[in-house]
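Results of the structural survey
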Amino acid sequence: MATWVLSECGLRPLPRLYPNPTTRTSTSSFPSSITIPANKIFRPNSLVTRGRSWAVKVSAPVGIQFVDEDEKRVDEPKVGESEFNPGAPPPFSLADIRAAIPKHCWVKDPWKSMSYVLRDVVVVFGLAAVAAYFNNMVVWPLYWLAQGTMFWALFVLGHDCGHGSFSNNAKLNSVVGHLLHSSILVPYHGWRISHRTHHQNHGHVENDESWHPLSEKIYRSLDTATRMLRFTLPFPMLAYPFYLWGRSPGKKGSHFHPGSDLFLPNEKKDVITSTVCWTAMAALLVGLSFVMGPLQVFKLYGIPYWGFVMWLDLVTYLHHHGHEDKLPWYRGKEWSYLRGGLTTLDRDYGWINNIHHDIGTHVIHHLFPQIPHYNLIEATEAAKPVLGKYYREPKKSWPLPLHLLGLLANSMKKDHYVSDEGDVVYYQTDSKLTGDSK
């Protein structure tokens, strides 16, 4: 938690500038007078105490830290005295947020969840039937856009199964999750486990799993072609299948291999089961290509599949990147589950919000993935007063969220790597990659 001080502006948090103090005095006593060396900076210790009372108390700080001036971090945005520092510890706990969310938001209704599955499956088969019936170049592009979006909607429901927010029945979650994810060539358990790692380590530079930043050392080690592919559209929006097979730069393993570093020994059977289901779906598509012809399968399934991939990469990337203000990433003792989760972003997708099951309400989902998707909007509204400035209101979308393409392109130009050192770091830009001489 941030230390609080009274100023002429009222009650405000004292920013934490140095996460790793080099020396520390004893906390058993506080001297009445202190001589501070000229090359030292004084700041009180921050207390990280879950559930403490935040009533204002007039008392001496419990300890002092001295940090050499030459140890100042240079990659952090400069923060004025009255400005909000997104990298500062929040003045609330995870329990405070949880308490603000109505109890009924946590209730999982399997019948309601299944109704969304039924709705989406009917739409998927209906769209395919209409496109196959008319079979002309006026209908096909419309079908590809619509069906790619529906494949993405199926993924989101399987995603709920993976989190256990679909129902309280683990077997039901597994069966539905396998059917939904295998149908769009996603290995359910392999993805579920790596996604769990993402949630447990969100906002951590090294330990996060999805769209985490590259350290400068890893970034510099990439060849020019790899850098261009990673940061030049549309290539990053086609990354998901390759990520499933080989993960991100700097990480090893595969979502299909039970011996991957992603998985624990007791998870191998689950991974094998999902890989077998994935293989069965791939075999079914090959069989259909012999029956219907490869071109027809490509039009009915192949192009919508890549549309789904682009939706997935777009949404997951923009939930962690692209804000107009620089947002922090953490390492070491500065990282916590709460602080990492607060760096995620909500997005408004216009008409698509309901179609893809309000996945844009991402902040509360990241902090409390057990909440069913149909309760996320209400839970978010209830939590906003607690979150304060740590919640960043998403820009309202037109019926189609075309404005997000501009945010995506801008982030790809600026957010390239983070410093190898420091426990609170921000994205930096490679001017050579962007062609900017500055």
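From a predicted model like this one, the values you see are computed outputs, not experimental measurements.

Definitions and limits used
Residues numbered from 1 in each chain as written. Predicted model: local features only at pLDDT ≥ 70, side-chain atom pairs only at ≥ 80, totals over all residues. Heavy atoms only, no water. Helix = DSSP H or I, 4+ residues; strand = E, 2+ residues; numbered from the N terminus. Contact = heavy atoms within 4.5 Å. Areas by Shrake-Rupley, 256 points an atom, 1.4 Å probe, with all protein chains shown as cover. UniProt positions renumbered as here; feature names shortened; annotations may be inferred. Phe/Tyr/Trp six-rings, centres within 6.5 Å; stacked < 30°, edge-to-face > 60°. Buried < 20%, exposed > 50% of the residue type's maximum accessible area, 1.4 Å probe, protein only. Patch = residues over 30% accessible without salt bridge, like charges linked within 9 Å, V, L, I, M, F, W, Y side chains within 5 Å. Salt bridge = Lys/Arg side-chain N within 4 Å of Asp/Glu carboxyl O. Axes fitted to C-alpha atoms, helices over the stretch in contact; angles between N-to-C directions. Parallel < 35°, antiparallel > 145°, perpendicular 65-115°, else oblique. Left-handed = near helix turned anticlockwise from the far one by under 90°. Expected span 1.5 Å × (residues − 1). Bend = angle between axes of the 7 residues up to and from the residue. Polar contact = N/O pair within 3.5 Å; in protein donor to acceptor, adjacent residues only side chain to side chain.

This brings us to the overall build of the protein. Counting its secondary structure elements, the protein contains 16 helices and 7 strands. The long-range fraction of contacts in the protein, counting pairs at least 24 apart against all pairs at least 6 apart in sequence, stands at 73%. Surface summary for the protein: the accessible area is close to 22,100 Å², and the carbon and sulfur share equals 63%.

This brings us to the UniProt feature "transmembrane region" (unreviewed entry) in the protein. Per the UniProt record, the feature "transmembrane region" (unreviewed entry) sits at residues 116-134. Strand forms 0% of residues 116-134 and helix 100%; the C-alpha atoms that close the span are 27 Å apart.

Here we come to the packing of aromatic side chains. In this structure the tally under the stated criterion is 24 aromatic pairs. Both rings, one in Phe 92 and one in Tyr 390, keep their centres 5.7 Å apart while their planes meet at 90°; by these two values the pair is edge-to-face. With a gap of 298 residues between them, Phe 92 in the loop between β5 (64-68) and α1 (94-100) and Tyr 390 in the loop between α14 (376-387) and α15 (403-414) connect regions that are remote in the sequence. We note that Phe 92, like Tyr 390, is buried. A centroid spacing of 6.1 Å and a plane angle of 10° characterise the contact between Tyr 116 and Tyr 374, whose relative ring orientation is stacked. You can see Tyr 116 sitting in helix α2 (residues 110-134) and its partner Tyr 374 sitting in the loop between α13 (362-367) and α14, a full 258 residues away along the chain.

Position of Leu 300 among the secondary structure elements: in helix α10 (residues 294-318). Its relative accessible area of 14% is what places Leu 300 among the buried residues. Each C-alpha atom of the pair Leu 300 and Trp 140 lies 8.7 Å from the other, and the pair is 160 residues apart in sequence. In contact with Leu 300, other than residues within four places in its own chain, are Ala 128, Ala 132, Trp 140, Tyr 143 and Met 292.

Moving on: a nonpolar patch on the surface. Taken together, Leu 284, Val 286, Leu 288, Phe 290, Val 291 and Met 292 make up a surface patch of nonpolar side chains, about 620 Å² in accessible area. With respect to the element layout, Leu 284 can be found in helix α9 (residues 268-292).

At a minimum axis separation of 10 Å, α2 and helix α3 (residues 139-163) run at an interaxial angle of 160°. Taken together, the axes of α2 and α3 lie roughly antiparallel to each other. Considering only the axes of α2 and α3, their crossing is left-handed. Between α2 and α3, the residues in contact are Tyr 116, Val 117, Asp 120, Val 121, Val 123, Val 124, Leu 127, Ala 128, Ala 131, Ala 132 and Phe 134 and Val 139, Trp 140, Tyr 143, Ala 146, Gln 147, Met 150, Phe 151, Ala 153, Leu 154 and Leu 157, respectively.

Under the 1.5 Å per step criterion, the end-to-end length of α10 is 34 Å for 25 residues, consistent within 8% with the ideal 36 Å. The largest bend in α10 amounts to roughly 35° and is located at Leu 300, with the proline Pro 304 lying one to four residues further along. Counting buried positions along α10 yields 18 of 25 residues, so the element is predominantly enclosed.

The next subject is the pattern of salt bridges. A full pass over the atoms with the stated rule returns 12 salt bridges. Between Asp 270 and Arg 192 there is a salt bridge whose closest N-O contact spans 3.8 Å. Of this pair, Asp 270 sits in helix α9 while Arg 192 sits in helix α5 (residues 188-200), placing them 78 residues apart in sequence. Owing to a relative accessible area of 29%, Asp 270 belongs among the partly exposed residues under this scheme. When its relative accessible area of 18% is taken as the criterion, Arg 192 is described as buried. Residues joined by salt bridges that share partners form a network here, namely Glu 216, Arg 220, Arg 227 and Asp 430.

Tracing the backbone through its elements, the reader meets Lys 108 in the loop between α1 and α2. In sequence terms Lys 108 and Ile 371 are 263 residues apart; their C-alpha atoms lie 7.6 Å from each other. The contacts of Lys 108, once residues within four sequence positions are left out, are Gly 164, Ser 165, Phe 166, Ser 167, Asn 168, Gln 370, Pro 372 and Tyr 374. Among the polar contacts made by the side chain of Lys 108, one reaches the side chain of Asn 168 at a distance of 3.2 Å.

With that settled, the discussion passes to helix α4 (residues 170-183). Side chains of residues three or four places apart in an α-helix project in the same direction, reflecting 3.6 residues per turn. In a regular helix each residue adds 1.5 Å, so 14 residues correspond to 20 Å; α4 covers 20 Å between its end C-alpha atoms and thus fits that length. Every buried residue belonging to α4 is among Asn 173, Val 176, Gly 177, His 178, Leu 180, His 181 and Ser 182, and all of these are buried. If you follow the buried residues of α4, they end up packed against α2, α3, α5 and α9.

With that settled, consider the side chain of Thr 149. One can find Thr 149 in helix α3. Assessed through its relative accessible area of 9%, Thr 149 is described here as buried. In contact with Thr 149, not counting residues within four places along its chain, are Trp 311, Ile 352 and Ile 355.

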